[in-house]
Amino acid sequence: MAQELINIGALADDGTGDTIRNAGRKINANFTEFFALSVVASDIRFEQNNIVSKSSNADIVLKPSGTGNIVFPALTVEDNNIKMTRSNDDLKITANGSGKVVIDGIGFAGTSIVGTDSTTININENLIVEGTLNAGAPTLSSAVTINSTLDVTGATTLSTLTVSGASSFVGTTTIDNLTFNDNIIGTSSNADLNLSPGGTGVVNVSNLTIDSSMNLTDNVIKVTRSDDDFVLSANGTGSVQVSKIDMNEGTVDNVVIGGSTPAAGTFTSLAFTGTSIVADGVTVTDNTITANRSNDNIEFAANGSGVVQINAFSLPNADGSTGQVIRTDGSKALSFITSPVLLGVSDIQDNSTTISFQDTQVIDHVTATGSHNRIESGSVVQDSFATSKYDSAWYFTVNRDDSSDELEVTKHSVVHNNSDAFISTSIEAKTGTNNHVVSSAEINTGSVQLVGTGSSPENSVSFYRIGLGDDDSTGYSGEDEAAVVINTDVDSASEVIDSFAHGSFRGAKYYISVNNASKTECSNIECSVVHNGTTAFISTYNIVNTGNNDLITLTAAINGSNVEVSAAGLEPNLRVHAYRIILADNEADRTSQNINVIGNVTVSSATTTLDTFSTGTYQAAHYVIVAHNASEGHSSICEAAVVSDGTNAFVAQYGLNSTKGSDQILLTVGHAGSTTTLSATSTSGGSTTVNAYRVSLTRAGGASSASATLDSVSATTYRSAKYNVQVVDSNGGNFEIFEANVVHDGTTAYVSTFGGTGTSTGLITVSADIDSGNLRLIGTINNTNDHVVKVVRRVIET
C-alpha cells in the first residue's frame, strides 16, 4: 500500500482539509503498513548508538543482498574475508590491558605468540624469518629459511636450515655430525672434518695453523714451535717433488745429496753474465755456444753406438778412410764414401737455364709483373702459376702489334677448379683497328697457363697480375691503399667480410675469389662500393664461375661509423679471399714503380686535368677513381683503361657505381708531345673532389730473339772452360746435345762449338763474353718456344 497523506487544506480552518475522522483513518493505515515491515517486526532495536537484539541470546546477522558487501568506513566484509577499504591501510586487532587477541587457540599478546591451552604451537610449512629469530631450544624438522640474524640460546637440532643473513648460536649447536660452540667446529666421535668446495671452487683460508706447529699464511709455509724441523715426507714409494728451489745465497750446507751420512757439500756454481751462462770452458749466449778458453774446441760426443745429430742429420760415429768424403742418403743419414773424382786445379759443376721470351717478376705474395716479347700466330704461354698457389688471377695487360705498332689495353679474369681453367676478357681500348693477342686459359702439369695466340705475325705483351686463393696471403702488406681480406667460412647467413670507416674513406674496389672446396668450384667476382655518408652502394660485375651457379651474393651498408661489405653463401662453408683498393677524399700524391696515387683534384663542369704520364715511359694505365660533391651530397666510383701509341690516346670508362644513379664524372684523354693526359668533367658541378689509383703499364717493341746466361765463373780464377750442352724444346719436340770450349785473355772471350747431334741442330746459338770480371756462356734462341738448357762444366784455373 502506498503512503496516505492527510489533506490539511490551503489555509487554517478553511474547511477544505480532511475531517478528523478521515485523518485518523489515514494515520492508522500508515502505522499498520509501518509495523508490518520486517525491520520493525524484527528482534533488532537501536538504543542510542547501540544495535541490540530483543530476543534472548539471539545473534545479530548483517546480510547484504546478492553480491553486495558489508562496508564500514575503513573495513569491508566480503563473504568470509575482512579487508581494508582505504588503500595501504593496516588491519589492527587490539586487545585491552593484559588481554590477548585469540584466534582459534593461538593468542597474540604484544609481540608474543602463545597457545591459550598451553600446548605446542606447530608451524607445518616453510618458515621465512626476515628479522632476528631468538630461540630457546628449538627443534626445526622442516625447511627453514632465515634471511636475517638468528639467535639460539639453547641446544638446537637442525634438519634443513638455509640462512642468508647473520646468525648467532649461543651454546653448542649440533648440525648433523658437526657441533658449533663459540669459535670451535667439532665432529661426532672419531669423525673426520672435511672441507669440500663444489665444482671448481676452492677452500680459501687466509691464515691456517695445523696442530699448533705448522702455519700457512699467504704463500708462506712455516713451523711455529721454536727449533722445530720442517719435514716433507712422502708415503711408501712416493717422492717429494718441488718444481723450483731457491736456496739462500746459492748454497746447500751439511748435506750430501743421495748419501746416507750428512757431510759438507761441494758445488761448482754457474756464473751468469748479462744474458749469458758461463761454465768451465763453455759460454752459452742466446742460441750460440762458444768455447771460452783460448784455442779450445767445442766437442759433441755420443755414447757407445749412438750418433751426434745436428738438425736431424746423423753424423758418422767412426772415421772414414783417407780421402773419403761425407755423403747423405737423402734421409739425413751421413756416411763416408770414396769419391770417383777429386780434382786439384779444376772444377766440375752443372747448371740448368730456361731461355724464354716470357718473364715474370714477383712483387709480393699477391702481385707480379710480366711480359712476353714475341707472340706469333702459334700459341705461347704468356704467364703461368701453380694451381696450388692461386685459385684466381686478374691480369691488366697491354698488347702490342709489333708489325704496325698498334696497342690495346685489356683485362683478363682467370679462375680454375684444378682440372680446367676459365677466362673472361674485357675493357678493350685500342689505338688502331687491328686485332691483337687472343688469350685463353688452360691447366698443364699442375700449372694454370695464360695462353696467347697472335693475330699478326709479330706481337708482344706486358701485364700486371693480382693472384688470390689457395696459398694464403694472411698478413699481406702491399701498396698503402691495398689489402687482402680473408674469411674462411662464409655460410648462408649474411656476414661482414670487410669494413672501413666511412669518415675516412670514400670507396673501394674489390677483386674477390670464392672457393667451394666441397664441390671443387671457384668463382671470380669484381665489385665496387661507394657511400654518401648515409647510405652505401655496391655494384657487382664480371663474374666468372667454374661451375654452373654463382657462389655468393654481396651487399653493403653503413653501420655506425663503418661501411660494411657482407656476403651470403649460396653454398655452405665457402672460403672468400678479396683484394681491396681503398681511396679517401683527400689522398696524397704518391709514386712507386708500378703504382701512382692521384690525390685530391677539384673538378667542375669544365674539363679538368686529372692525371698525366709520359708515353716514353708508359704506354697504358688502369685507374680506380672516386669522386664526391659535398654540396650535392653524392659520390661515385668507376674504373678506366687508357692506352696511347705516342700520337693518339684512347680511354674506356666502365664499372660506374654512383649514389645519384647516373654518371658523376666523365673521362676524356688527349696526347700532346710525349704526354698523355686524362681529364674529367663533373655532372655535379663545381667543387667535385676526385682521387684515383693508377696501375702503370709499359710495352715497348717486342724482340726477334731471347738470350740467357747459361753459366758464369770468375775470369780471375779460371782461364778456360769446357761444356757439354743439352737443349730441350719440349713444345716443338726437338732435342740437341753438343760441346763448347771457351777461353779468354782477360779482356775477350772465345768460343768454339762442335760434336752436335739430335732431332735438330742449331736450336740455340752460344756466345761468350767477360762481364764484371766473370767469364759467361750465353745462349740465344729464335723459336718462341721455351728452351731448357743444361750444361756440365769443367773449368781450369789460370
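Presented here is a report on the structure given in the accompanying data block. (Residues numbered from 1 in each chain as written. Predicted model: local features only at pLDDT ≥ 70, side-chain atom pairs only at ≥ 80, totals over all residues. Heavy atoms only, no water.)

1. Let's talk about the sheet that holds strand β19 (residues 214–217)
Reading across from one edge, β18-β19-β20 is the order of the 3 strands in this open sheet, with antiparallel pairing throughout. Taken across any chain shown, the strands that pair with only one partner, and hence form the sheet edges, are β18 (207–210) and β20 (220–223). Recorded for the sheet is a direction-independent mean angle of 15° between the axes of neighbouring strands. (Pairing = 2+ DSSP bridges. Helix = DSSP H or I, 4+ residues; strand = E, 2+ residues; numbered from the N terminus. Axes fitted to C-alpha atoms, helices over the stretch in contact; angles between N-to-C directions.)

2. Thoughts on a nonpolar patch on the surface
A cluster of nonpolar side chains, namely I185, L193, L195, V203, V205, L208 and I210, defines an oily patch on the protein surface of about 610 Å² accessible area. Its location among the elements puts L195 in the loop between β17 (184–187) and β18. (Patch = residues over 30% accessible without salt bridge, like charges linked within 9 Å, V, L, I, M, F, W, Y side chains within 5 Å. Areas by Shrake-Rupley, 256 points an atom, 1.4 Å probe, with all protein chains shown as cover. Salt bridge = Lys/Arg side-chain N within 4 Å of Asp/Glu carboxyl O.)

3. Overview of the environment of I625
Its location among the elements puts I625 in strand β50 (residues 620–629). Residue class for I625 comes out buried when judged on its relative accessible area of 1%. Separated by 13 residues in the primary sequence, I625 and C638 have C-alpha atoms spaced 5.4 Å apart. Beyond its immediate stretch of four places on either side in the chain, I625 contacts L610, S636, I637, C638, I665, L667, V690, N691 and A692. (Buried < 20%, exposed > 50% of the residue type's maximum accessible area, 1.4 Å probe, protein only. Contact = heavy atoms within 4.5 Å.)

4. Considerations on the pairing of strand β24 (residues 288–291)
For strand β23 (residues 282–285) and β24, the ladder comprises 4 bridges, and the chain directions are antiparallel. Residue pairing across strands places T283 opposite T290, the latter belonging to β24. What sits between β23 and β24 in their antiparallel hairpin is a turn of 2 residues, with D286 showing a positive phi close to 55°.

5. Examining the packing of aromatic side chains
Aromatic ring pairs are defined here through the distance separating the ring centres and the angle between the ring planes. One pass over the full model with this rule turns up 7 aromatic pairs. Between the aromatic rings of F396 and Y511, the centroid separation amounts to 6.0 Å while the plane-to-plane angle is 65°, which identifies the pairing as edge-to-face. Linking F396 in strand β33 (residues 392–401) with Y511 in strand β41 (residues 507–516), this pair joins segments that are 115 residues apart in sequence. Every member of this aromatic cluster is reached through a ring pair, and the members are W394, F396, Y464 and Y511. (Phe/Tyr/Trp six-rings, centres within 6.5 Å; stacked < 30°, edge-to-face > 60°.)

6. Some thoughts on the pattern of salt bridges
Inspection of every chain in the model, using the stated rule, returns 26 salt bridges. Here R225 and D228 are joined by a salt bridge, their closest N and O atoms 3.0 Å apart. Classification of D228 by relative accessible area gives partly exposed; the value is 30%. With a shortest N-O distance of 2.7 Å, R776 and D769 are connected by a salt bridge. Judged by relative accessible area, which is 22%, R776 ranks as partly exposed. Via salt bridges that share partners, K411, K509, E526 and E639 belong to a single interconnected network.

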